[in-house]
Amino acid sequence: MKVARALSDALAAHGIERVFGNPGTTELPFLEGLRQEYYLTLHDALAVGAADGAAQVRRAPSVANLHAAPGLGNSIGFIDSARRNRSPVVLTVGQQDLRHETQAPLLYGDLESMVHGLVKYSHEVRGASELDDAVRHAFRHALEPPMGPVLLSLPMNVLEEEAAPYGAPDPPPDDRVDDVTHLAERIRAASAPVLVVGFEVDVFDAFAEVEALSDRLGAPVYAEPICSRAPVPGASRHFAGDLLPHSALISSLLAPHDLILLVGADLTLYPYSAAPLPRGDRMVYLGSDPSVPNKLECDRVLGDLKRLLTALLAEVPPTGRRFSRPTDFQRANRVARAAPRLGGEYVVDAIRRAFRGYSLVDESVSLIPTMKSCGFYDGRDSYFSSRSQQLGWGLAAAIGIGLERPKTVVVLGDGALQYSVQALWTLARYRVPVKVVVVNNGGYNILKSYSKANHPLLAKAAYLDLPGVDVEGLAKAYGLPAESASSAESLERALLQLRETEGPAVLNVEMDRTVPDLFS
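As the structure is a prediction and not an experimental result, all values here were calculated from the model. (Residues numbered from 1 in each chain as written. Predicted model: local features only at pLDDT ≥ 70, side-chain atom pairs only at ≥ 80, totals over all residues. Heavy atoms only, no water.)

Novice: I'd like a description of the overall build of the chain, backed by residues and values.
Specialist: Per the secondary structure count, the chain includes 23 helices and 18 strands. In terms of overall dimensions, the chain is globule-like: its C-alpha atoms have a radius of gyration of 24 Å, near the 24 Å expected for 520 residues. Along the first, second and third principal axes, the C-alpha set of the chain runs to 70 × 60 × 45 Å. Relative to its 520 residues, the chain shows a buried fraction of 57%. Within the chain, contacts between residues at least 6 apart in sequence are counted, and of these 75% link residues at least 24 apart. For the chain, the accessible surface area stands at approximately 20700 Å², while carbon and sulfur atoms represent 53% of it. (Helix = DSSP H or I, 4+ residues; strand = E, 2+ residues; numbered from the N terminus. Rg over C-alpha atoms; globule rule 2.2 N^0.38 Å. Buried < 20%, exposed > 50% of the residue type's maximum accessible area, 1.4 Å probe, protein only. Contact = heavy atoms within 4.5 Å. Areas by Shrake-Rupley, 256 points an atom, 1.4 Å probe, with all protein chains shown as cover.)

Novice: Now, about the sheet that holds strand β10 (residues 259–263): what can you tell me, with residues and values included?
Specialist: Spatially, the 6 strands line up as an open sheet ordered β9-β8-β7-β10-β11-β12, and their pairing is parallel. The open sheet has two edge strands, β9 (239–242) and β12 (299–302), and neither has a second partner. Direction aside, the axes of adjacent strands within the sheet are offset by 20° on average. One ladder, built from 4 bridges, connects β10 with strand β11 (residues 283–287); its direction is parallel. Each residue of the ladder has a partner; that of leucine 262, found in β11, is tyrosine 285. (Pairing = 2+ DSSP bridges. Axes fitted to C-alpha atoms, helices over the stretch in contact; angles between N-to-C directions.)

Novice: Talk me through the pattern of salt bridges; I want residue IDs and the actual numbers.
Specialist: A side chain of one charge can pair with a side chain of the opposite charge when the charged atoms of the two come close. In total, this model carries 37 salt bridges according to the counting rule given. When the shortest N-O distance is used, the salt bridge between lysine 2 and glutamate 160 registers 2.9 Å. Highlighted residues: lysine 2 in the segment before α1 (3–13) and glutamate 160 in the loop between α8 (156–159) and α9 (181–189), separated in sequence by 158 residues. The exposure class of lysine 2 is partly exposed, given its relative accessible area of 37%. Of the residues examined, glutamate 160 reaches a relative accessible area of 35% and is grouped as partly exposed. The salt bridge involving lysine 476 is made with glutamate 472; its shortest N-O contact spans 3.0 Å. Of this pair, lysine 476 and glutamate 472 both sit in helix α22 (residues 471–477), 4 residues apart, which is roughly one turn of that helix. Because the salt bridges share partners, they merge into one network encompassing Arg59, Asp202, Arg229 and Asp381. (Salt bridge = Lys/Arg side-chain N within 4 Å of Asp/Glu carboxyl O.)

Novice: Help me get a handle on helix α21 (residues 445–454), residues and values and all.
Specialist: Because an α-helix completes one turn every 3.6 residues, residues spaced three or four positions apart along the sequence face the same direction. Residues Asn445, Lys448, Ser449 and Ser451 constitute the buried set of α21. Taken around the axis of α21, the buried residues stretch over an arc of 160°, which confines them to a single face. (Arc of directions from axis to C-beta.)

Novice: Run through empty space enclosed by the protein, naming residues and quoting values.
Specialist: Over the atoms rolls a probe the size of a water molecule, and its path tells where empty space is left. Applying the stated criterion to the full structure yields 3 cavities of 30 Å³ or more. Its boundaries defined by the atoms lining it, the largest cavity holds a volume of some 120 Å³. Lining the largest cavity are 16 residues, with Val365, Gly413, Gly415, Gly443 and Asn445 positioned closest to its centre. Of all the secondary structure elements, the ones that give two or more residues to the lining of the largest cavity are α19 (414–417) and α21. Ranked by the residues each element gives to the lining of the largest cavity, the list is headed by α19, at 3 residues. Its residues assigned to classes, the lining of the largest cavity comprises 8 nonpolar, 7 polar and 1 charged. Of the pockets and cavities examined, the second largest cavity occupies roughly 70 Å³. As for the second largest cavity, its lining consists of Arg86, Pro145, Pro146, Met147, Phe199, Glu200, Val203, Phe204 and Ser288. Looking at side-chain class alone, the lining of the second largest cavity contains 6 nonpolar, 1 polar and 2 charged residues. (1 Å grid on protein atoms, 1.4 Å probe; cavity = no way out; pocket = protein on both sides within 12 Å on 5 of 7 lines; lining within 4 Å. Points joined across faces, edges and corners; volume = space filled by probe spheres on them. Nonpolar A, V, L, I, M, F, W, Y, C, P; charged D, E, K, R; others polar.)

Novice: Give me the lowdown on the packing of helix α3 (residues 44–58) against helix α18 (residues 393–404), citing residues and values where you can.
Specialist: Interhelical geometry of α3 versus α18 gives an angle of 45° and a closest axis separation of 7 Å. By the criterion of interaxial angle, the relationship of α3 to α18 is oblique. As α3 packs across α18, the resulting crossing turns out to be right-handed. Contacts between α3 and α18 involve Leu46, Gly49, Ala50, Asp52, Gly53, Ala54, Gln56, Val57 and Arg58 on the former and, on the latter, Trp393, Ala396, Ala397, Ile399, Gly400, Ile401 and Glu404. Class assignment for the residues of the contact of α3 with α18 results in 9 nonpolar, 4 polar and 3 charged. (Parallel < 35°, antiparallel > 145°, perpendicular 65-115°, else oblique. Left-handed = near helix turned anticlockwise from the far one by under 90°.)

Novice: Can you break down the nonpolar core residue by residue, with the values?
Specialist: Of all hydrophobic cores here, the largest spans 69 residues; its most connected members are Leu195, Leu261, Val263, Leu312, Leu491 and Leu495. Of the residues forming this core, the biggest block, 6 residues, is contributed by helix α16 (residues 344–354). In this structure, valine 263 is in contact with Leu195, Val196, Val197, Gly198, Val201, Val210, Leu286, Leu305 and Leu309, ignoring residues within four places of it in sequence. Within the second largest apolar cluster, 54 residues are counted, among which are Val115, Phe384, Ala416 and Val434. (Core = buried A, V, L, I, M, F, W, Y, C linked by side-chain atoms within 4.5 Å.)

Novice: Explain the pairing of β11 residue by residue, including any values.
Specialist: For β11, a buried count of 5 out of 5 residues is recorded, marking the element as mostly surrounded by other parts of the structure. Burial of β11 is two-sided: the residues Met283, Tyr285 and Gly287 facing one way and the residues Val284 and Leu286 facing the other way are all buried. Taken together, the 4 bridges between β11 and β12 define a ladder with parallel strand orientation. In the strand pairing of β12, leucine 286 is matched with valine 301. The parallel pair β11 and β12 is bridged by helix α13 (residues 291–296), and the resulting crossover is right-handed. (Right-handed = clockwise from strand over helix to strand, strands pointing away.)

Novice: So what's going on with the side chain of serine 153? Which residues, and what values?
Specialist: With respect to the helices and strands, the residue serine 153 is situated in strand β6 (residues 150–155). Taking the relative accessible area as the measure of exposure, serine 153 reaches 0% and is therefore buried. Within polar-contact distance, the side chain of serine 153 engages the side chain of glutamate 124 at 2.8 Å. Ignoring anything within four residues of it in the chain, the contact list for serine 153 reads Val93, Gln95, Leu111, His123, Glu124 and Val125. (Polar contact = N/O pair within 3.5 Å; in protein donor to acceptor, adjacent residues only side chain to side chain.)

Encoded structure:
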């Protein structure tokens, strides 16, 4: 059989049933041997975003097929997001025929150099004999903690060679965990421990263990800054809210605690602050990613988070302490006051009520803090955003997430929509039943908010506005049913109709355009 067919068999052996891609001439030999279902995206980058979303829900590799050097170049930002998201995306990239590479033909490029530092493993398959090992290495590296993207460069002429059948896949990576005895001793000695939980709680389905540990310690639970997946189950009485990506605010909140447990979490920063983060000797990292404790210069206990917490619970007795987050009695009033102008608190509350039980893909940008405070963290696969905060990721990722979880809603800004608007066509073409809510404030409100706090002369710059974008018309042009809402009454009705619509559909919400104070 040809290499192309052997590669398809190899993908099937690793559980791959679909491939996302945007092919060109260099990919045609690959497609000729492909048995998997091919989901066409209208831009290479969207294939990587869709594969990223699918891999997160599957907790297993997915495949994106890119078109030579130009397609790989188009996708660099999404590959970086997959790296930061710890998503095991296998990138297959068509390469020019190697028999005339010395002539620098059209589409040829050094693909491995282009992604240096962005993928865990890369290899150009330069002969049929290399295929078996290259595929094994790619899948093994993609899955080994911390998981991440890998690349296989596939020259056209190699795909036409004769190859031996692919053998059985390697066993899963070793899931050994470090001993927790020393950590248990530190916890027992602490007078005021605190948990900072992160995306790995969802990756390893460790919600029950986090709840049990926080209950046993009587400790508050904070979400890591820019948390990309739900780190707590719904209605956790221990949950104290999200940390903001600002060292002074993090240090202030964690100052009363003599032991900080980073449970599958990182301390990601955004605006610069001269205040240092908490000292490393007060922190211990539990999780699968050694780069986090290396960066924070703290102790670590490495392994499968669920197994680590299970072992820890066996050695940590109840303390008798209790923590319960105070009830926010003002929230209902804030929601009611925001209703007449379609303010953020009201719009987010209405979305939450209409789509309870759905997976949320969140790229609402300036509304993200409001979204996270409104109860969208609801356990396994309930919340997704990008750890890179890359615009355009949400709608692309929703393709892959929606194929795995039919009850999916993506909420994104009108600015973010323009970065991956072609994804609407893919949703329509394959009837991926994703509901799209565009929170339309007519501009880049996150930039306006940052400018208000740090660069006031730019707060009203014309190039931060997006006038004249017909969101409803765009959606219809790509083949999706769409409507707009501009009042509380029309929003409530439209959200219910959106939820009941079969297949994908779009709702454009003409919301309040007041710039929020997010950085002051």
